[in-house]
Amino acid sequence: MGLRVRNWSRAVEGRAVPVEVQLEAADVILLAIKDDAIDDFILAHPGLQAKTLVHCSGALVSARAVGVHLLQTFGDTLMSPADYDRIPFVFESDAPAMQDLFPGFPNPVARIKKSDKAYYHALCVLACSGTQMLWQKIQTGFEFCGLDPTLAQPLLRQSADAVLADPRLTLTGPLSRGDTKTITGHLLALENDPYLQVYQAFEALQRVDS
């Protein structure tokens, strides 16, 4: 985007240049640290408070920094520039304009009330981390049964595509049909598995939705 970027890391042992000096010329400072450390870090470095401070937590509401959550997960592999341009930026309702914080960025922008952030982020965690845990579970479970984990890929892709195409998709399977004998067998099979509680929670949710 043609923007000059400088960085400072707490993880670099014996950092010779203090953060206030390293980032003295910065207009906007992004605090890419864990949620619980953000406010303490700002208080420990009062020289930063004259700058526009931005944190990227989806849940935290801070009086000392603006909240801008990037609605995406990030791994070790870089994506294409077009993929980065498509990431939605979720701004707190009273945050400055996109142009003021990230000049030239073409990303879609949405705004959220601070009072809704914890619920919003809980949904993100349920949908992303929760789903990843379930998808990892079916693959490791297939290995336990002597099956190739890649056999699950068409099922997982179709499940994701279906719900993305229709968020109000009518569920299928024994939970939606109320197949009590099958469900009882599932519960017995999961008796010593930590995912028993997850299955029971899904069963309870299906009863509520019905």
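Side note on the environment of Asp116
Here Asp116 is to be found in the loop between β5 (109-112) and α5 (117-144). Asp116 gets classed as partly exposed once you look at its relative accessible area, which sits at 33%. When the C-alpha atoms of Asp116 and Leu187 are compared, they prove to be 35 Å apart, with 71 residues separating the residues in sequence.

A few points about a nonpolar patch on the surface
On the surface, Leu134, Trp135, Phe202 and Leu205 cluster together into a nonpolar patch covering about 350 Å² of accessible area. Of all the secondary-structure elements, those providing two or more residues to the nonpolar patch are α5 and α9 (196-209).

Some remarks on the nonpolar core
Of all hydrophobic cores here, the largest spans 11 residues; its members are Val19, Leu23, Ile29, Leu31, Ile38, Phe41, Ile42, Leu48, Leu53, Leu60 and Ala65. Contributing elements (two or more residues each) for this core: β1 (28-31) and α2 (35-44). Counting residues per element, this core draws most heavily on α2, at 3 residues. Excluding anything up to four places from it in sequence, Val19 contacts Trp8, Phe41, His45 and Leu48. If you look at the next biggest cluster of nonpolar residues, it comprises 9 residues, including Val54, Val66, Val68 and Phe102.

Description of α5
A rise of 1.5 Å per residue sets the reference length of α5, with its 28 residues, at 40 Å; its end C-alpha atoms lie 39 Å apart and thus fit the reference within 8%. Within the span of α5, buried status applies to Lys117, Tyr120 and Cys124. Packed against the buried residues of α5 are β2 (52-55), β3 (66-70), β4 (89-92) and β5. Gly146 occupies a position one or two residues after α5 and carries a positive phi of about 80°.

Description of the pattern of salt bridges
What the rule picks out here adds up to 8 salt bridges. The shortest N-O distance in the salt bridge between Arg86 and Asp83 comes to 2.3 Å. The shortest N-O distance in the salt bridge between Lys113 and Asp116 comes to 4.0 Å.

What to know about the environment of Phe89
Note on placement: Phe89 falls in strand β4. Sequence separation of Phe89 and Val54 is 35 residues, and the distance between their C-alpha atoms is 12 Å. Residues within four places of Phe89 in sequence aside, it is in contact with Val68, His69, Leu70, Met98, Phe102, Phe105, Asn107, Pro108, Val109 and Ala110.

Observations concerning the packing of aromatic side chains
For the structure on display, the rule yields 4 aromatic pairs. Where Phe89 meets Phe105, the ring centres are 6.1 Å apart and the plane angle is 70°; that geometry is what we call edge-to-face. Taken as a pair, Phe89 in strand β4 and Phe105 in the loop between α4 (98-101) and β5 lie far apart in primary sequence, 16 residues in all. The interplanar angle of 35° and the centroid separation of 5.4 Å between the aromatic rings of Phe102 and Phe105 together place this pair among those described as tilted. On the basis of relative accessible area, Phe102 is assigned to the buried category, the value being 9%. Relative accessible area serves as the criterion here: at 27%, Phe105 is assigned to the partly exposed category. Among the aromatic residues, those joined into a ring-pair cluster are Phe89, Phe102 and Phe105.

What counts and what doesn't
- Residues numbered from 1 in each chain as written.
- Predicted model: local features only at pLDDT ≥ 70, side-chain atom pairs only at ≥ 80, totals over all residues.
- Heavy atoms only, no water.
- Helix = DSSP H or I, 4+ residues; strand = E, 2+ residues; numbered from the N terminus.
- Buried < 20%, exposed > 50% of the residue type's maximum accessible area, 1.4 Å probe, protein only.
- Patch = residues over 30% accessible without salt bridge, like charges linked within 9 Å, V, L, I, M, F, W, Y side chains within 5 Å.
- Areas by Shrake-Rupley, 256 points an atom, 1.4 Å probe, with all protein chains shown as cover.
- Salt bridge = Lys/Arg side-chain N within 4 Å of Asp/Glu carboxyl O.
- Core = buried A, V, L, I, M, F, W, Y, C linked by side-chain atoms within 4.5 Å.
- Contact = heavy atoms within 4.5 Å.
- Expected span 1.5 Å × (residues − 1).
- Phe/Tyr/Trp six-rings, centres within 6.5 Å; stacked < 30°, edge-to-face > 60°.

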